[in-house]
Amino acid sequence: MTTHTIVSSKTREHIIGFDKPFTIIGERINPTGRKKLAAEMKAGNFDTVKSDTLAQVAAGAHMLDINAGIPLADEPAILAETIRLVQSLTDLPLCIDSSIIAALESGLQAYQGRALLNSVTGELEQLEQVMPLVKKYDCAVIAISNDETGISQDPDVRYEVAKKIVEHAADYGIKPCDIVVDPLVMPIGALGDAGKSVMHLIRRLREELHVNTSCGASNISFGLPNRHSINAAFLTMACGAGMTSAIMNPLHDQEKEAIMAANVVAGNDKDCMRWIKAYREPVAANSSESGKRIRRRNRD
């Protein structure tokens, strides 16, 4: 069964789906843990936001996550301003990221297109606040598989939370294709079976609930050395299990190459053209191979 989650900017549509190339959602426009960026955004300086936007677009991101969670700042206003700025720089669709309901709505009001809202949990109070926004603004939403009981280490419990969110969304007329489930990737350095657990859950979400999935990809390697190698291996395996998107840094070539290779192996890079375009070595103008090609064309 094919599930398509459709998002868009004012002029560009993007589809997240099992039969589509893996969606890279750029994570850089987020002040969490970035003191300089947080101070700039709070002061109304968006120079780093501009440079991070353009760098992620150039690196091949398909969407950008926009977060303005700054302590003691006017998050709704800053988030809306950031969205308007980013949309003036790129036509990539955006993921509007906040834990504050007022900020989510402010971002949706400013956004031009069909956004991906990040996020809602299985907590009843939050479901009853976020789902009306999803319906009102006709957007898609990331559903995080935890609820009032917290985050279970049992992937089957997290599956039931995701199922509850999908069923609750249906009460608002929201289709499963507009729910992108975050299965919650745990740090494997702290929980040795975190990788196996999340792969099991991703497969269930695809095969039984038929929903697209996303995650914060770098969570898997938190606290470990050589994180990029762990992240790359995780992303490749997650693609094979059925994950269809991730919030990640597209500037890290090792992770991006792993995703592109996984697209080839999964048959989601038609005729391997994206891979060939990215990695085929150019032929030097004065090389013998170039001369052979010229002579061959002349004979034809």
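Residues numbered from 1 in each chain as written. Predicted model: local features only at pLDDT ≥ 70, side-chain atom pairs only at ≥ 80, totals over all residues. Heavy atoms only, no water.

1. Here we look at the nonpolar core
Applicable threshold: For the purposes of this section, nonpolar cores are sets of buried Ala, Val, Leu, Ile, Met, Phe, Trp, Tyr and Cys residues that join through side-chain atoms within 4.5 Å. Burial classes: relative accessible area under 20% of the type maximum marks a residue as buried, over 50% as exposed, and values in between as partly exposed (1.4 Å probe, protein chains only). We call two residues in contact when some of their heavy atoms are within 4.5 Å.
Within the largest apolar cluster, 49 residues are counted, with the highest numbers of intra-cluster contacts made by Ile-96, Leu-117, Met-131 and Ile-179. Once you skip the residues sitting within four places of it in the chain, Met-131 turns out to touch Val-120, Ile-165, His-168, Ala-169, Tyr-172, Ile-174 and Ile-179. Within the second largest apolar cluster, 19 residues are counted, among which are Ile-24, Val-198, Cys-215 and Ile-259.

2. So, the environment of Leu-89
Stated formally: The helix count covers DSSP runs of H or I at least four residues long, the strand count covers runs of E at least two residues long, and both are numbered beginning at the N terminus.
Structurally, Leu-89 can be placed in helix α3 (residues 75-89). In this structure Leu-89 comes out as partly exposed when scored by relative accessible area, which is 31%. Contacts of Leu-89, omitting those with residues within four sequence positions, involve Lys-50, Thr-53 and Leu-54.

3. Observations concerning the confidence of the model for the protein
Test applied: The pLDDT score gives, residue by residue, the confidence of the prediction method on a 0 to 100 scale.
With 94% of its residues at a pLDDT of at least 70, the protein reaches an overall mean of 94. Low pLDDT (under 50) marks residues 290-300, which in the prediction has four contacts with non-local residues, meaning those over four places away or in another chain.

4. Points about the pairing of strand β1 (residues 4-8)
Inclusion rule: A strand pair is defined by DSSP finding two or more bridges across the two strands.
Examined bridge by bridge, β1 and strand β2 (residues 13-17) share five bridges and lie antiparallel to one another. Directly across from His-4, in β2, lies its bridge partner Gly-17. Counting the residues in the hairpin turn of β1 and β2 gives four residues.

5. A few points about the environment of Ala-80
Looking at the secondary structure, you find Ala-80 in helix α3. The exposure class assigned to Ala-80 is buried, which follows from its relative accessible area of 5%. Sequence separation between Ala-80 and Leu-104 is 24 residues, and the spatial gap between their C-alpha atoms is 9.0 Å. Aside from chain neighbours lying at most four places away, what touches Ala-80 is Ser-106 and Ala-110.

6. Some points on the packing of helix α2 (residues 47-59) against α3
Our working rule: For helices, the axis comes from a line fit to the C-alpha atoms of the stretch in contact; other axes are also lines fit to C-alpha atoms, and the angle between any two N-to-C directions lies between 0 and 180 degrees. Roughly parallel covers angles under 35 degrees, roughly antiparallel covers those over 145, roughly perpendicular covers 65 to 115, and oblique covers all other angles. Crossings are classed by handedness, with left-handed meaning an anticlockwise turn of the near helix from the far one by less than a right angle and right-handed meaning a clockwise turn.
One way to put it is that α2 packs onto α3 with a least axis distance of 10 Å and a crossing angle of 45°. In terms of orientation, α2 and α3 fall into the oblique class. α3 is crossed by α2, and the crossing has right-handed handedness. When α2 is examined against α3, the residues Val-49, Lys-50, Thr-53 and Leu-54 are found in contact with a partner set consisting of Thr-82, Leu-85, Val-86 and Leu-89.

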